[in-house]
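# Summary of structural features
Chain by chain, the residues run as shown.
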Amino acid sequence: MAAGGGTKAIVAALLANAGIAVSKFVGFFITGSSSMLAEAVHSVADTSNQGLLLVGQKTARREATKEHPFGYGRDRYFYSFVVALLLFTLGSVFALYEGIHKLEAPEALNSPMVAVVILVVAIVLETFSFRTAIVESRAIKGDATWWQFIRRAKTPELPVVLLEDAGALFGLILALGGVGLTYATGDPTWDAIGTICIGVLLGVIAVILIGETKSLLIGEGANPDVLNVIIEELQAGKVDRVLHVRTQYVGPDELLIAAKISLIGTRSIDDVADAINDAEHRVRAKVPEARLIYLEPDIDRSAAAQNAK
């Protein structure tokens, strides 16, 4: 699964959420709807999140230093993790608090149709943002399902934007349901229930994102299919057997590979160097993100033991 930045999806989400946030706050001040307020805070959090993702992409491009010899690629993982935390604290916790508060002290809505119109427009804008994220993700997800893409992608931004946009769309539908039922029944409790449902939805998405980005931040290896390709390419030339291999993504576009290999028919240092260089070339041809490869020639002691018998 190739790595890609998803910058277009991030910018589309940022612009959509910034405009939606303003309209939701206007709607809240007019109507007093807790669902509208929860969604407004959610949109502010999403806008901040997209800004953080862009910051992460920029800082990750810094050149490697003596202090950080493998570069700053993991900055993108760090900022994605911060985004997940913000979604939980600013989105989920606030919505739950506001919903419970309005459930205990219900307040009638003013001009609920204003909220309905704003939410419908927001759904249209959010659908555009979500579609952009889907189009960009399809280009790199391959044959994987959407859940597999979210779980296995080494590029953090697109899964984050996908889940954020999906959460925003469902949140808007819940808010619309809460406001609509309140308008139809005259009971403001429905608005509070809609707000609580938004909080639960955002909490579930935040927990998923926290788990996935944490895994990337502490270091993930290559997916099984990519690892199989690496081993096959290493063993395609003068490498008799891969004795030991470890991989780790030091950034979305940079995979570190360290392996011990047993070589066939090598006699001189030059032969060993040529075999290693050839193996590295084959791996990089099939796995472009494999930029750091360290191969150590060793003896296949299991084969030697078998021959001794």
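Read on for an overview of the structure. (Residues numbered from 1 in each chain as written. Predicted model: local features only at pLDDT ≥ 70, side-chain atom pairs only at ≥ 80, totals over all residues. Heavy atoms only, no water.)

### Quick word on a nonpolar patch on the surface
Residues Val22, Val26, Ile30 and Val114 make up a contiguous nonpolar surface patch of about 290 Å² in total accessible area. At three residues, helix α1 (residues 7-31) tops the list of elements feeding residues into the nonpolar patch. The topology assignment puts Ile30 in helix α1. (Patch = residues over 30% accessible without salt bridge, like charges linked within 9 Å, V, L, I, M, F, W, Y side chains within 5 Å. Areas by Shrake-Rupley, 256 points an atom, 1.4 Å probe, with all protein chains shown as cover. Salt bridge = Lys/Arg side-chain N within 4 Å of Asp/Glu carboxyl O. Helix = DSSP H or I, 4+ residues; strand = E, 2+ residues; numbered from the N terminus.)

### Section: the packing of helix α3 (residues 75-104) against helix α6 (residues 157-185)
Relative orientation and spacing of two packed helices are given, respectively, by the angle between their axes and the distance between those axes. Where α3 meets α6, the axes come as close as 10 Å, and the angle between the chain directions of the two elements is 15 degrees. Between α3 and α6, the angle falls in the class roughly parallel. The handedness of the crossing between α3 and α6 is left-handed. Where α3 approaches α6, its residues Arg76, Ser80, Val83 and Leu87 are matched on the opposing element by Glu157, Val160 and Glu164. Residues that form the contact of α3 with α6 fall into these classes: three nonpolar, one polar and three charged. (Axes fitted to C-alpha atoms, helices over the stretch in contact; angles between N-to-C directions. Parallel < 35°, antiparallel > 145°, perpendicular 65-115°, else oblique. Left-handed = near helix turned anticlockwise from the far one by under 90°. Contact = heavy atoms within 4.5 Å. Nonpolar A, V, L, I, M, F, W, Y, C, P; charged D, E, K, R; others polar.)

### Examining the pattern of salt bridges
This model, assessed by the stated rule, comprises 11 salt bridges. Here Glu233 and Lys286 are joined by a salt bridge, their closest N and O atoms 3.2 Å apart. On the criterion of sequence distance, the pair formed by Glu233 in helix α8 (residues 224-234) and Lys286 in helix α9 (residues 269-286) is long-range, its members being 53 residues apart. Classification of Lys286 as exposed rests on a relative accessible area of 54%. (Buried < 20%, exposed > 50% of the residue type's maximum accessible area, 1.4 Å probe, protein only.)

### Structural notes on α1
In this model, α1 (25 residues) spans 35 Å end to end at C-alpha, consistent with the 36 Å of a helix rising 1.5 Å per residue. Structurally, α1 contributes buried residues whose contacts are with α2 (34-60), α4 (112-141) and α6. Immediately downstream of α1, the backbone of Gly32 shows phi near 75 degrees, a positive value. (Expected span 1.5 Å × (residues − 1).)

### What to know about the packing of α4 against α6
Closest axis-to-axis distance for the α4/α6 pair is 9 Å, and the angle between their directions is 160 degrees. With respect to α6, the element α4 is oriented roughly antiparallel. The element α4 and its partner α6 pack so that their crossing is left-handed. A per-class count over the contact of α4 with α6 returns 24 nonpolar, three polar and three charged.

### A short note on the nonpolar core
Phe149, Val161 and Leu209 are the most contacted members of the largest nonpolar core, which totals 44 residues. Counting residues per element, the ones that place at least two in this core are α1, α2, α3, α4, α5 (146-152), α6 and α7 (189-218). Within the second largest apolar cluster, 24 residues are counted, among which are Val226, Ile261, Val283 and Ile293. (Core = buried A, V, L, I, M, F, W, Y, C linked by side-chain atoms within 4.5 Å.)

### Points about the environment of Arg152
Structurally, Arg152 can be placed in helix α5. A relative accessible area of 26% places Arg152 in the partly exposed class. In this structure the C-alpha to C-alpha distance between Arg152 and Leu85, which are 67 residues apart in sequence, comes to 20 Å. For Arg152, the side chain forms a polar contact with the side chain of Asp225, separated by 3.2 Å. (Polar contact = N/O pair within 3.5 Å; in protein donor to acceptor, adjacent residues only side chain to side chain.)

### Overview of α4
Between its terminal C-alpha atoms α4 stretches 41 Å, which fits the 44 Å expected from 30 residues at 1.5 Å a residue. Taken from the residues just after α4, Gly142 is the one with a positive phi, measuring 65 degrees.

### Comments concerning the sheet that holds strand β2 (residues 254-263)
The three strands lie next to each other as β1-β2-β3, forming an open sheet whose pairing is mixed. Edge positions in the sheet fall to β1 (239-251) and β3 (292-297), since each of these pairs with one other strand and no more. Geometrically, the sheet is characterised by an average inter-axis angle of 15 degrees between neighbouring strands, direction not taken into account. Across 10 bridges, the pairing between β1 and β2 is antiparallel. The residue bridging Thr247 from the neighbouring strand is Ile257, located in β2. Strand contacts of α8: β1, β2 and β3, with the helix running at about 140 degrees to β1, the strand carrying the most contacts. Each of β1, β2 and β3 is contacted by α9, which is oriented at about 145 degrees to β3, the strand it contacts most. (Pairing = 2+ DSSP bridges.)

Any link to function would need more than the numbers given here.
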